[in-house]
Amino acid sequence: SKQWYQRRVRGPLLVENCDYNKDTIPQLQRVSNFLKDCTGFSLRPVAGLLSSRDFLAGLAFRVFHSTQYIRHGAKPFYTPEPDVCHELIGHVPLFANPEFAAFSQEIGLASLGAPDDWIEKLATLYWFTIEFGVCNENEDLKAYGAGCLSSIEELENCISSKSKKLPFEVDNIVTTPYPITTIQPVYFVAPSFNEAKRKVMEWSQQIPRPFTAHYNPYTQSVELINKRSNCIKMIRDLANEMKTLEDAVMKLVD
């Protein structure tokens, strides 16, 4: 996990730009401003847990609802509820990574307009990926979930023989119960982080709803693709992007 952070997560930039240090707690607004510059995500403080639907909907708009309280000093290595340490150490560095941020947003977009039973499935999928995701990398077991990366006890547990490791099959994941106040007994191991993303995106296409949700980064809003005119507009936008890319490629020197 340390190497994963060094390669894909902007840890040093958080120290430089967000005042990450061992003596003080970074201010959420400062961290939020930094994330906005990196990936368009922002933090929105909340006083407690939200419903699964409300929380996932926030991700669709690149908004992460963040807690503000901190775990008790008597037990610094694990907290049964998400606290500011979990948010700042686990989630924030990952949201600064465009690849991971996009994955989180896609789960949020998939939740918009989904029936209640599918929201429950998406929440479970979020739990076993964004929170407690594990994958193989160069034949080594690596944690990419924020719940693992922000807890020494959880991280040790997920890579030890004490916990159960199952193949990353989405149909099995979404029906698996999980504890929310104790160390996880089960983790689903993907062949790679990219493979986990691919399987989640393929599965989400089964969600019964009469539209597709698309995030427009220019207006910072979600557009519903449910009309022919919407599709034509997207095709034109993509054509303009492809023209820009083609122009860039033509200017490259072999």
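Because the structure is a prediction, the values reported are computed rather than measured.

Participant: Summarise the overall build of the protein chain; cite the residues concerned and give the values.
Facilitator: Within the protein chain, the regular secondary structure consists of twelve helices and eight strands. Relative to the 2.2 N^0.38 estimate, which gives 18 Å for 254 residues, the radius of gyration of the protein chain is 19 Å and therefore close to what a compact globule would have. Look at the contacts in the protein chain between residues 6 or more apart in sequence, and 58% of them connect residues 24 or more apart.

Participant: How would you explain the nonpolar core if you had to name every residue and give the values?
Facilitator: Core analysis: the largest hydrophobic core is formed by 57 residues, its most contacted members being Leu-59, Phe-64, Val-92 and Phe-168. With eight residues, helix α7 (residues 116–131) is the largest single contributor of residues to this core. Core analysis: the next-biggest nonpolar cluster, separate from the first, contains seven residues, Ala-60, Leu-109, Tyr-215 and Val-222 among them.

Participant: Talk me through the layout of surface pockets; I want residue IDs and the actual numbers.
Facilitator: Of the pockets and cavities examined, the largest pocket occupies roughly 750 Å³. Lining the largest pocket are 36 residues, and of these Leu-49, Pro-82, Tyr-126, Trp-127 and Glu-131 lie nearest its centre. Among the secondary structure elements, those contributing two or more residues to the lining of the largest pocket are α4 (52–60), β2 (63–66), α5 (84–95) and α7. No other element matches the five residues that α7 contributes to the lining of the largest pocket. The residue makeup of the lining of the largest pocket, split by class, is 16 nonpolar, 14 polar and six charged.

Participant: Could you give an account of the environment of Ala-110, with specific residues and numbers?
Facilitator: In this fold, Ala-110 is placed in helix α6 (residues 98–111). The residues contacting Ala-110, other than those within four sequence positions of it, are Leu-122, Ser-204, Ile-207 and Arg-209.

Participant: Let's hear about helix α11 (residues 193–204): which residues, and what values?
Facilitator: Across its twelve residues, α11 extends 17 Å between first and last C-alpha, which sits within 8% of the 16 Å expected from 1.5 Å per residue. Burial in α11 covers these residues: Phe-193, Ala-196, Lys-197, Lys-199, Val-200, Trp-203 and Ser-204. Down the axis of α11, the smallest arc covering the buried residues is 165 degrees, so these residues share one side.

Participant: Before we move on, can you summarise the environment of Gly-90 with the specific residues and values?
Facilitator: Here Gly-90 lies in helix α5. According to the relative accessible area criterion, Gly-90 is buried, its value standing at 0%. Between the C-alpha atoms of Gly-90 and Ile-107, which are 17 residues apart in sequence, the distance is 18 Å.

Participant: An account of the side chain of Lys-199 is requested, with residue identities and associated values reported.
Facilitator: Considering the arrangement of structural elements, one finds Lys-199 in helix α11. There is a polar contact of 3.0 Å between the side chain of Lys-199 and the backbone oxygen of Phe-168. For Lys-199, the contacting residues outside a window of four places in its chain are Phe-168, Glu-169 and Val-170.

Participant: Any chance you could break down the side chain of Thr-39 for me, citing the residues and the numbers?
Facilitator: Note that Thr-39 resides in helix α3 (residues 28–39). In this structure, Thr-39 is in contact with Arg-62, Phe-95, Ala-96, Asn-97, Pro-98 and Ala-101, ignoring residues within four places of it in sequence.

Participant: Explain α6 to me, and be specific about the residues and the numbers.
Facilitator: What sets the pattern is the α-helix's 3.6 residues per turn: residues three or four places apart point alike. Taking 1.5 Å of rise per residue, the 14 residues of α6 would be expected to cover 20 Å, and the 20 Å separating its terminal C-alpha atoms lies within 8% of that figure. In terms of residue burial, α6 counts as a mostly covered element, since ten of its 14 residues are buried. Those residues of α6 that sit buried are Phe-100, Ala-101, Phe-103, Ser-104, Gln-105, Ile-107, Gly-108, Leu-109, Ala-110 and Ser-111. With a side-chain oxygen lying 3.1 Å from the backbone nitrogen of Glu-99, the N-terminal cap of α6 falls on Asn-97.

Participant: So, the pairing of strand β8 (residues 221–225): which residues are in play, and what are the values?
Facilitator: Where strand β7 (residues 212–216) lies against β8, five bridges are found, and the strand directions are antiparallel. Within β8, the residue paired with Thr-212 across the bridge is Ile-225. What sits between the antiparallel neighbours β7 and β8 is a turn of four residues, in which Gln-220 has the positive phi angle 55 degrees.

Participant: Report on unusual backbone geometry, specifying residues and quantitative values.
Facilitator: With phi around 55 degrees, Asn-138 is a residue other than glycine that occupies positive phi space. Structurally, the position occupied by Asn-138 is in the loop between β3 (134–137) and β4 (140–143). With a phi angle near 70 degrees, Glu-139 is a residue other than glycine that sits in the positive phi range. Looking at the secondary structure, you find Glu-139 in the loop between β3 and β4.

How each quantity is defined
Residues numbered from 1 in each chain as written. Predicted model: local features only at pLDDT ≥ 70, side-chain atom pairs only at ≥ 80, totals over all residues. Heavy atoms only, no water. Helix = DSSP H or I, 4+ residues; strand = E, 2+ residues; numbered from the N terminus. Rg over C-alpha atoms; globule rule 2.2 N^0.38 Å. Contact = heavy atoms within 4.5 Å. Core = buried A, V, L, I, M, F, W, Y, C linked by side-chain atoms within 4.5 Å. Buried < 20%, exposed > 50% of the residue type's maximum accessible area, 1.4 Å probe, protein only. 1 Å grid on protein atoms, 1.4 Å probe; cavity = no way out; pocket = protein on both sides within 12 Å on 5 of 7 lines; lining within 4 Å. Points joined across faces, edges and corners; volume = space filled by probe spheres on them. Nonpolar A, V, L, I, M, F, W, Y, C, P; charged D, E, K, R; others polar. Expected span 1.5 Å × (residues − 1). Arc of directions from axis to C-beta. Polar contact = N/O pair within 3.5 Å; in protein donor to acceptor, adjacent residues only side chain to side chain. Pairing = 2+ DSSP bridges.

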